Amino acid sequence: EFEEAQLGYNTTTAIEDLQGRIQRKLLKKDLEPMQALKLIDTLQRLGIAYYFDEKIDSLLEKSAYGTKIGNNLSQTALLFRWWKDLGLVDKLRFARDRPLECFLWSVGIFPEPQHSRSRIELTKTIAILLWVDMIEGFLVEAKWFHKGYVPNFEEYLENGVATAGTYMALVHTFFLVGMQVNEHTIKMMQPYPKLFSCAGRILRLWDDLGTAKEEQERGDVASSMECLMRENNISSDIEAREHVRQLIQSLWRELNGELVTSSGLPLSTVKACFNVSRTSRVIYQHGDDDMAFGVEYHVNSLLFRPVTH
């Protein structure tokens, strides 16, 4: 009995000693992001990561926020870790598993080096909004379908802007940057500023140009092009697409006009609206133009492919 008790004591002591050493390593200030990920992977493979959940969460957050823009590979890896651990794709089968696209959006909206933390947080927000807004969009479209109602172009577009998450994403950028956040500017968030609406409509229209074909194959509710074709007696898909491009140009003129007239919004928020509009073309143009590069190419160019001189 004494020997068994002594063996149990030694085993417990060894485990506690190992836990202590691992915790000290997890808390090391000079631990590089990629070293941290390798250590976390090892702990998970050994099946002992649950002993260190709190330390691991703290380390991931610290490493992600401390990563500079020059090390986007580490930043992306940390975001993948967060998205995987969140488990939404497994829990909710309709959730969109596109973390790289979400990060590309954040890089487009916040390209400046000092906004590393904002990129991380905005990526998380966009990833969540993609499936939350999909639910809301399905609810509205389901009501239309149930009633046999065919929306007109304006109804479709306004619902499309809301369910694309543009409004919520731009409000989030306003608070993330924290520039000129006060009682006056907070009140300007409701109703949403016209800048938000213009940027959201540009995004929605580019989304339709880029995804209309695959959405038709899935049997989704009519896109903006179908609404335009029905309302304006347009019979050609090519003509409808040209009409949408002209609408985008018109919205850009409105967007530029809002920039000239003082809206009172912080400059950082105004820039975010313009960057959303620019990035929407980068994300979706490949679906409208076979010669344009897709998301995968842009992600590889920005994050993985070395710059050649």
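This section reports on the structure supplied with the text. (Residues numbered from 1 in each chain as written. Predicted model: local features only at pLDDT ≥ 70, side-chain atom pairs only at ≥ 80, totals over all residues. Heavy atoms only, no water.)

Turning next to the packing of helix α13 (residues 237-260) against helix α14 (residues 267-284). Interhelical geometry of α13 versus α14 gives an angle of 165° and a closest axis separation of 11 Å. Between α13 and α14, the angle falls in the class roughly antiparallel. Crossing of α13 over α14 shows left-handed handedness. Each of W252, L255, N256 and L259 in α13 lies in contact with α14, whose residues at this interface are V270, F274, S277 and R278. (Axes fitted to C-alpha atoms, helices over the stretch in contact; angles between N-to-C directions. Helix = DSSP H or I, 4+ residues; strand = E, 2+ residues; numbered from the N terminus. Parallel < 35°, antiparallel > 145°, perpendicular 65-115°, else oblique. Left-handed = near helix turned anticlockwise from the far one by under 90°. Contact = heavy atoms within 4.5 Å.)

Take the state of the cysteines next. Overall, the coordinates contain zero disulfides when judged by the stated rule. Unpaired in this structure, C198 has its nearest cysteine sulfur neighbour in C273, at a distance of 8.9 Å. (Disulfide = S-S within 2.5 Å.)

Owing to its 3.6 residues per turn, the α-helix aligns residues three or four sequence positions apart on the same side. Within helix α12 (residues 224-231), the full set of buried residues consists of S224, M225, C227 and L228. All buried residues of α12 lie within an arc of 160° about the axis, which places them on one face of the element. Two residues or fewer past α12, N233 is found with a positive phi of approximately 55°. (Buried < 20%, exposed > 50% of the residue type's maximum accessible area, 1.4 Å probe, protein only. Arc of directions from axis to C-beta.)

With that out of the way, let us pick up the pattern of salt bridges. Overall, the coordinates contain nine salt bridges when judged by the stated rule. The partner of R201 in a salt bridge is E158, with the nearest N and O atoms 3.4 Å apart. Taken together, the residues span a long stretch of sequence, with R201 in helix α11 (residues 194-218) and E158 in helix α8 (residues 153-163) at a distance of 43 residues. When its relative accessible area of 15% is taken as the criterion, R201 is described as buried. With a shortest N-O distance of 3.0 Å, D237 and R241 are connected by a salt bridge. Of this pair, D237 and R241 both sit in helix α13, four residues apart, roughly one helical turn. Bridged by salt links that share partners, the residues E154, E158 and R201 form one connected network. (Salt bridge = Lys/Arg side-chain N within 4 Å of Asp/Glu carboxyl O.)

This part covers the environment of T163. Locating T163 in the fold gives a position in helix α8. The class of T163 is buried, set by a relative accessible area of 15%. Taking C-alpha positions, T163 is 9.9 Å from G200, a pair spaced 37 residues apart along the chain.

We now examine a nonpolar patch on the surface. Taken together, F175, V181 and I186 make up a surface patch of nonpolar side chains, about 240 Å² in accessible area. As for its position among the elements, I186 is in helix α10 (residues 183-187). The partly exposed category is assigned to I186, whose relative accessible area is 39%. (Patch = residues over 30% accessible without salt bridge, like charges linked within 9 Å, V, L, I, M, F, W, Y side chains within 5 Å. Areas by Shrake-Rupley, 256 points an atom, 1.4 Å probe, with all protein chains shown as cover.)

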